[in-house]
Amino acid sequence: MAKTMEPKSSIGQKMSELTEKVQASQAWNSIFRPGSVFRKGYTDSPRNRSYVVMNSVLYHLHPVKVKRHAVKVSYTLCLGGLSFFLFILLTVTGIFLMFFYRPTAAQAWDDMYALQASVTFGLLVRNMHRWAAHLMVLAVFLHMARVFYHGAYKPPREFNWVIGVILLTLTLLLSFTGYLLPWDQLALWAVTVGTNMMGFTPVFGDQVRFVLLGGQEIGTDTLLRWYVLHVLFVPFVTVIFLAIHFWRVRKDGGISGPL
Ligand code: HEM
């Protein structure tokens, strides 16, 4: 005997009852904040529109209204955005590399070699990481030059310029700490020269050199130290300063423009 089909209207009714139940639940309302179109009884009112902006982290970064000149690619050349994109790309490719790399003097070079020779896409991802690192230094520098050219370092943006200088330093530190990790002759001697130069820091020279080397001379302790700096400490500090940088762009009235 064939089952009798339930009338369509009854299925529709059950669906809307279920929707209402879900929308009234605490879990749903904890995810979709006031002003969200997904909340029960949403109306397109000015109040709800401002709620959307206030409650969304993305709309905080990218406001609903922007000045006309600010969306022109020819003004910023998207160099800040490009720097950020490269940072994300470096994070993703860097995590991939971490699966195959052990930071000890005995294993580091062999791991890098094996990564290129026998890991699927290993060589590609390693080269993407390396090129993105070079490009990020270039992009950040050009971004700084663009900001300078437009006089965007002037009030009220002078604090963000200072944050920018810190970001430039962190970008250079990320590059330099990554340099040692392949543990080849180039890396070894580059870091030996670098740490010797840092040894000439006034007053604390010897101490600075000792801390950076994890001993009197370059060795496996240095590698571990620079590895932790490269994959954890410097990226962590960079993310904090990036958040402040983007937040300041908004709070300083968006991108600068012609007077
Ligand atoms: C990791 C490095 C950096 C990233 C990811 C970054 C990202 C950004 C982004 C996305 C913007 C929005 C407008 C644009 O794209 O130009 C911006 C604006 C700005 N950045 Fe950076 N930035 C970095 C480094 C720097 C440096 C080195 C400086 C200067 C020393 C700087 C100073 C500024 C200033 C003053 C603004 C406001 C520009 C304006 O209003 O026209 N930033 N940054």
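Our structure is the block above this text.
Residues numbered from 1 in each chain as written. Predicted model: local features only at pLDDT ≥ 70, side-chain atom pairs only at ≥ 80, totals over all residues. Heavy atoms only, no water.

1. A short note on the packing of helix α6 (residues 79-98) against helix α8 (residues 122-149)
Two quantities define a packed helix pair, namely the angle between the helix axes and the distance between the axes.
Working step 1: Running from N to C, α6 and α8 point in directions that differ by 155°, and their axes come no closer than 8 Å. Our classification of the angle between α6 and α8 gives roughly antiparallel. Of the two elements, α6 crosses α8, and the hand of that crossing is left-handed.
Working step 2: Residue composition of the contact of α6 with α8, by class: 16 nonpolar, seven polar and two charged. (Axes fitted to C-alpha atoms, helices over the stretch in contact; angles between N-to-C directions. Helix = DSSP H or I, 4+ residues; strand = E, 2+ residues; numbered from the N terminus. Parallel < 35°, antiparallel > 145°, perpendicular 65-115°, else oblique. Left-handed = near helix turned anticlockwise from the far one by under 90°. Nonpolar A, V, L, I, M, F, W, Y, C, P; charged D, E, K, R; others polar.)

2. Considerations on helix α11 (residues 205-213)
Working step 1: Among all positions in α11, only G205, L212 and L213 are buried. The buried side chains of α11 occupy one side of the element, clustering within an arc of 90° when seen end-on.
Working step 2: Among the structural elements, α10 (185-198) and α12 (220-251) are those in contact with the buried residues of α11.
Working step 3: Count one or two residues on from α11 and you reach G214, which has phi positive near 65°. (Buried < 20%, exposed > 50% of the residue type's maximum accessible area, 1.4 Å probe, protein only. Arc of directions from axis to C-beta. Contact = heavy atoms within 4.5 Å.)

3. Notes on the side chain of H69
Working step 1: Relative to the helices and strands, H69 is located in the loop between α4 (57-61) and α5 (73-76).
Working step 2: Within polar-contact distance, the side chain of H69 engages the backbone oxygen of S256 at 3.0 Å.
Working step 3: When residues no more than four places from it in sequence are discounted, the contact partners of H69 are Y75, I255, S256, G257 and P258. (Polar contact = N/O pair within 3.5 Å; in protein donor to acceptor, adjacent residues only side chain to side chain.)

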